[in-house]
Amino acid sequence: MPQDSKLYIEDIMKASHALSKVIDPSPLQRNELLSNKYECNVYLKREDLQVVRSFKIRGAYNAIHQLSDEQRNSGVVCASAGNHAQGVAYSCKLLGIEGKIFMPTTTPRQKISQVKFFGGTNVEVILVGDTYDDSFNQAIAYCKEHGMAFIHPFDDNATIAGQGTVGMEMMNQIHETPDYVFATIGGGGLAAGIGSYIKSVSPSTKLIGVEPEGAASMKAAFESGKVVKLKTISKFVDGAAVKQVGEIAYQICTKVLDDITVIPEGKECTTILELYNNNAIVIEPAGALPVAALDAYKEQIRGTTVVCVISGGNNDIDRLQEIKERSMIYEGLKHNFVIDFPQRAGALREFLEEVLGPTDDITRFEYMKKTNRENAPAIVGIELKNRDDYEALMKRLSERDFEFIEINKDPQLFNLLI
């Protein structure tokens, strides 16, 4: 397939035919709780229920399927933060070919283990760099040195066509024309693929791209009128932590996206917990973005039909405590301080009795007592029952003889200590 910025509905239909032998369609489920909350019909396209627990199998398999026999025999290479790697690994095992998988060293262990599981002896995982972009550069160099085909996670027509089958399935499954479709953007392949199909069959459907606030590379590209590379990104939403979107994906997205919104990490975390607690859906941060975006559009979507693409469910259970922490901070229920306690008898008791509110709870206390000093600092985490209790807490803290720093409002301290 020529590498240009046009994707035709025929390409997606061919990809669907190739994938029909490999995967089953993912469910499209109406969510009662979300529908009631937003006073509309909310459907979830459950790509987290794919065999590799994300939509990435679609683009990966379609891209490898279109290679020549000679290219397949030479093996393939990919770079990925996890989900695309699993799709490539699974495809390599199915087709009996060799695969080299380059992944950032920051990739959650769960995703690395899954790549090895799905690929078996057909793949080798190579951990390098801190971000997807670091791994990408190493993977490209390896391809050139060994004459192997690179399977791009988002900036390739065949990959994008594979992702577009999500949109094709969705439109075949739904009984009414969706007014809004929300889809995560990392490199842009999913939004480009879905949008290409949806806009071909339902031009009135609005496609909303959703990015993490700490890695909003598509929004930056739209604002600049061209693809740009962000200097730094947050790695928290690993499935969408991309410094630079794909050129092909960007060109397509300029034609099919109706809007882009960015979501704070804490909001994503709240959404992850709500989907788990209310619906027993285990979801990764990137997969939570479309549902997290609904609050920002609650007025526009009232009375409409909405589809949120749940792009993946590869979440490491070791991250749950961090997710809860970030959620509570975002919701205004958890506050962290460095408090300088006077080294005198009764100082701690005074804090407990006169500063802490009746429903406030200390969840962290690390007291670093120093000799020959009038004051000694402590890291104190305080959990509130209601976010409105914050102002009263700060008033009491300011009125007493305690010097303090709010860690939540100091990015450097927060990243160092939390």
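Everything that follows concerns the structure shown earlier in this document.
Residues numbered from 1 in each chain as written. Predicted model: local features only at pLDDT ≥ 70, side-chain atom pairs only at ≥ 80, totals over all residues. Heavy atoms only, no water.

Q: Sorry, what's going on with the nonpolar core here?
A: Here is a general trend for soluble globular proteins: nonpolar side chains tend to be buried in one another's company. Counting residues in each nonpolar core, the largest one holds 37 residues, and the members touching the most others are Met170, Val181, Ile194, Met218 and Leu257. At the level of elements, helix 1 (9-19), helix 8 (157-173), strand 7 (180-184), helix 9 (189-201), helix 10 (217-224), helix 11 (247-256) and strand 10 (305-310) are the ones that each hand at least two residues to this core. Core analysis: the second largest hydrophobic core is formed by 31 residues, Leu44, Phe182, Ile301 and Ile323 among them. (Core = buried A, V, L, I, M, F, W, Y, C linked by side-chain atoms within 4.5 Å. Buried < 20%, exposed > 50% of the residue type's maximum accessible area, 1.4 Å probe, protein only. Helix = DSSP H or I, 4+ residues; strand = E, 2+ residues; numbered from the N terminus.)

Q: Mind showing me how you'd approach helix 1 here?
A: Count 3.6 residues to each turn of an α-helix, and residues three or four apart come out pointing the same way. Looking at helix 1, one finds that the buried residues are Asp11, Ile12, Ala15, Ala18 and Leu19. One face of helix 1 carries all of its buried residues, which in axial projection span an arc of 120°. Seen from the open side of helix 1, the exposed residues pointing more than 90 degrees away from its buried face are Lys14 and His17. Structurally, helix 1 contributes buried residues whose contacts are with helix 3 (56-65), helix 8 and helix 9. (Arc of directions from axis to C-beta. Contact = heavy atoms within 4.5 Å.)

Q: Is there a simple way to think about the environment of Leu413 in this case?
A: In this fold, Leu413 is placed in helix 18 (residues 411-417). With 353 residues separating them along the chain, Leu413 and Ala60 place their C-alpha atoms 40 Å apart.

Q: Looking at this model, I keep getting lost on the pattern of salt bridges. Mind explaining?
A: Here the idea is simple: oppositely charged side chains can pair when their charged atoms come close. Applying the stated criterion to the full structure yields 26 salt bridges. With a closest N to O distance of 2.8 Å, Asp48 and Arg46 form a salt bridge. When its relative accessible area of 6% is taken as the criterion, Asp48 is described as buried. Residue classification places Arg46 among the buried positions, given a relative accessible area of 8%. Its salt-bridge partner being Glu366, residue Arg364 comes within 2.8 Å of it at the nearest N-O pair. Classification of Arg364 by relative accessible area gives partly exposed; the value is 23%. Given the relative accessible area of 33%, Glu366 is considered partly exposed. A single network of salt bridges, built from pairs that share partners, joins Lys45, Glu47, Arg58 and Glu169. (Salt bridge = Lys/Arg side-chain N within 4 Å of Asp/Glu carboxyl O.)

Q: Just checking my understanding: could you explain the sheet that holds strand 13 (residues 375-383) for this structure?
A: Taking strand neighbours across the sheet as the criterion, the four strands line up as 12-13-11-14 in an open arrangement whose pairing is antiparallel. Strands at the two margins of the open sheet, each flanked by one partner only, are strand 12 (361-367) and strand 14 (403-406). Neighbour to neighbour, the strand axes of the sheet diverge by 25° on average, direction disregarded. The pairing of strand 11 (residues 334-342) with strand 14 spans four bridges and is antiparallel. Considered in strand 14, the bridge of Val338 is made with Ile405. Those strands touched by helix 16 (residues 347-355) are strand 11, strand 12 and strand 13, and its axis lies near 145° from that of strand 11. (Pairing = 2+ DSSP bridges. Axes fitted to C-alpha atoms, helices over the stretch in contact; angles between N-to-C directions.)

Q: Explain the pairing of strand 3 (residues 76-79) to me, please; I cannot follow it from the model alone.
A: Each regular strand displays side chains that alternate between the two surfaces of the sheet. Judged by which residues are buried, strand 3 turns out to be covered on both faces: Val76 and Cys78 on one side and Val77 and Ala79 on the other are all buried. Two elements, strand 3 and strand 4 (residues 99-103), share four bridges in a ladder whose sense is parallel. Pairing of Ala79 across the sheet is with Phe102, part of strand 4. In this fold, the crossover linking strand 3 to strand 4 by way of helix 5 (residues 83-95) has right-handed handedness. Two strands pair when backbone bridges link them, and strand 3 and strand 6 (residues 149-150) are joined in this way by two bridges, in the parallel orientation. Within strand 6, the position partnered with Val77 by the bridge is Phe150. (Right-handed = clockwise from strand over helix to strand, strands pointing away.)

By themselves these figures say nothing about function.
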